[in-house]
Amino acid sequence: MNDPTWITLLPPLLAIGLAIATRQVYLSLAGGLWLAWSILAGWNFGAGLMDAVESTVGVLGSPGNAQVIMFTLVMGALISTVGSSGGVAGFVGWLERKRWVTNGRRAQLLAWVIGVIIFIESNITVLVAGSVSRPLFDRYRNSREKLAYLIDSTSAPICILIPLNAWGATNLRLLAEAGVPQTETLSVFLRSIVFNFYSFAAVALALGVVLFTMDWGPMKRAEARAAKGEVLWPGATPMMDEEVLGQNVEPPVAPRALNMVVPIVVLVAMMPVGLWITGNGDFAAGDGSTSVLWASLAALTVAWILLLFQKAYSLDELTRIALRGAGGLIPLAVILLLALALGSVTRTLGTGDYVATVVQGALSPGVFLPLVFVVASAIAFSIGSSWGTFAIMIPIIVPAAGGLGLDLAPFLAAALSGGIFGDHCSPISDTTIISSMAAATDHVDHVRTQLPYALAGGAVATVCFALAGAFL
């Protein structure tokens with residue numbers, strides 16, 4: 001749309017509202033998508049429906065989008081393979097023999113630590129932390145909602161602080177395209193890290209939840225339910241089928257931690273290798289979606305080689321296990337497909353541009369910094385994408401900060417923090433969806449239990465940005 005108005009907010013708000021009210025994520029996303037295209041078609045709902053279908057198919061025309069969907073299916077195959085091999089059971093047994101995880105609090109701390117130390121890519125972080133920690137959470141009667149919260153709060157907030165991963169590479173590229181000299185982009189990014197208040201608040205709050213049992217609202221009720229041995233609420237729909245997890249399958253060989261650890265090490269190690277290769281020796285120029293797909297395929301290949309060498313399964317059996325795992329994640333792939341389609345059409349509508357322009361006139365130095373955070377949060381919540389928010393906000397803040405003669409670093413941090421915060425609160429965010437999947441919990445339950453913590457972290461960040469802005 002040439003001149004976006006408040007109407008552009010209706011599709012994402014409809015999707016978010018329906019998701020929370022009905023718990024039907026698929027229909028909610030589809031409804032928002034249909035409304036968006038109907039608006040573009042001049043409120044013709046028949047034409048809007050046809051355009052919505054065509055646009056959803058067209059999402060796969062983007063190599064990056066297709067790679068994300070394929071990565072999801074490959075990770076399903078990997079999770080099923082590792083689970084069926086006894087790798088997760090072996091690793092959990094090794095942790096318990098070493099007396100590292102002997103109770104629920106230590107299981108939660110393990111999930112937090114994994115989220116912090118695996119900073120290569122957010123999706124990899126949540127999938128690894130979820131696969132390792134989920135059996136321990138179930139055993140020690142911690143809720144899967146808390147697992148989803150912990151891995152969601154230590155994935156993107158940590159990844160956004162690292163320049164040499166897909167997140168850093170993307171933002172360095174956006175800074176260069178916005179007019180920051182190539183020789184200064186890394187310096188600006190590094191200086192922005194200390195101002196990334198929401199990321200620090202989210203990670204610190206998650207640790208506080210573990211150490212001091214800070215269970216609030218819906219999370220407190222979920223923990224009370226889990227303490228009774230009830231894994232999910234009655235009628236809840238976990239984002240991953242138990243069959244895919246392979247936890248109820250008797251492995252044909254003795255459980256070995258090696259069968260899980262080696263594929264995960266390959267998964268993590270291949271991400272920077274992929275960035276280096278796709279960037280022709282420059283990590284910052286690497287292709288994040290391609291690197292993630294390569295990493296997952298490499299990990300699956302190594303898992304197969306290990307099991308074939310141990311004569312645990314035949315090639316035919318491994319193929320069946322992988323296909324079962326990939327099939328188990330088709331619901332997630334459908335949600336991601338619809339979320340990507342909705343994100344694309346909201347950009348066409350100009351939803352993010354409208355939110356930004358509504359407040360763009362209030363640029364006095366005293367309010368500019370917290371305002372950037374709030375606006376970025378609203379955009380990310382509306383479109384369900386932190387990366388999409390970065391792409392909208394960075395071209396705005398670079399010239400604005402320059403025009404006011406202010407240091408760009410804190411404003412970059414405010415935009416990045418807002419993108420992460422809004423993304424954490426949004427039920428249509430791909431990161432939130434994948435966290436629900438990795439914890440095998442109901443997606444709407446994850447959103448409801450995480451929201452109070454995200455809002456608390458957002459309030460702390462807003463105050464910090466206001467205080468920082470007062471000294472600019």
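A few points on the structure. All figures in this text were calculated on a predicted structure; none of them were measured in a lab.

**Some thoughts on the overall build of the chain**
Piece 1. Check the secondary structure of the chain and you find 24 helices and zero strands.
Piece 2. Sorting the 472 residues of the chain into buried and exposed places 57% on the buried side.
Piece 3. Residue pairs in contact within the chain that sit at least 24 positions apart in sequence constitute 77% of those at least 6 positions apart.
Piece 4. Accessible surface for the chain amounts to roughly 18,200 Å². Of this, 67% is attributable to carbon and sulfur atoms.

**Things to note about the pattern of salt bridges**
Any two side chains of opposite charge can pair, on the condition that their charged atoms come close.
Piece 1. Taken as a whole, this structure holds six salt bridges when the rule is applied.
Piece 2. Of the charged contacts in the structure, one is a salt bridge between Arg 144 and Asp 138, with a shortest N-O distance of 2.7 Å.
Piece 3. On the basis of relative accessibility, which here comes to 2%, the residue Arg 144 falls in the buried class.
Piece 4. Ionic pairing is found between Asp 215 and Lys 146, a salt bridge with its closest N-O pair at 2.6 Å. Residue Asp 215 is located in the loop between helix H12 (197-212) and helix H13 (217-227), and its partner Lys 146 is located in helix H8 (residues 144-153); the two are separated by 69 residues in the primary sequence.
Piece 5. Owing to a relative accessible area of 1%, Lys 146 belongs among the buried residues under this scheme.

**Looking at the nonpolar core**
Looking at soluble globular proteins, one finds that nonpolar side chains tend to be buried together.
Piece 1. Counting residues in each nonpolar core, the largest one holds 64 residues, and the members touching the most others are Leu 127, Val 132 and Tyr 149.
Piece 2. The element that contributes the greatest number of residues to this core is helix H16 (residues 288-309), accounting for eight residues.
Piece 3. When neighbours within four sequence positions are excluded, Tyr 149 is seen to be in contact with Ala 202, Leu 205, Ala 206, Val 209, Met 219, His 446, Gln 450 and Tyr 453.
Piece 4. Ranked by size, the runner-up nonpolar core spans 46 residues in total, among them Cys 159, Trp 167, Tyr 198 and Ala 415.

**What about the environment of Val 74?**
Piece 1. The topology assignment puts Val 74 in helix H4 (residues 63-84).
Piece 2. With a relative accessible area of 8%, Val 74 lands in the buried category.
Piece 3. For Val 74 and Leu 297, which are 223 residues apart along the polypeptide, the C-alpha to C-alpha distance reads 6.7 Å.
Piece 4. Setting aside residues no more than four positions away along its own chain, Val 74 makes contact with Leu 293, Ser 296, Leu 297 and Leu 300.

**Re the environment of Ser 153**
Piece 1. Along the chain, Ser 153 turns up in helix H8.
Piece 2. When the C-alpha positions of Ser 153 and Ser 435 are compared, they lie 9.5 Å apart, and in sequence the two are 282 residues distant.
Piece 3. Look past the residues within four positions of Ser 153 in its chain and what remains in contact with it is Ala 202, Val 203, Ala 206, His 424 and Gln 450.

Calculation criteria
Residues numbered from 1 in each chain as written. Predicted model: local features only at pLDDT ≥ 70, side-chain atom pairs only at ≥ 80, totals over all residues. Heavy atoms only, no water. Helix = DSSP H or I, 4+ residues; strand = E, 2+ residues; numbered from the N terminus. Buried < 20%, exposed > 50% of the residue type's maximum accessible area, 1.4 Å probe, protein only. Contact = heavy atoms within 4.5 Å. Areas by Shrake-Rupley, 256 points an atom, 1.4 Å probe, with all protein chains shown as cover. Salt bridge = Lys/Arg side-chain N within 4 Å of Asp/Glu carboxyl O. Core = buried A, V, L, I, M, F, W, Y, C linked by side-chain atoms within 4.5 Å.

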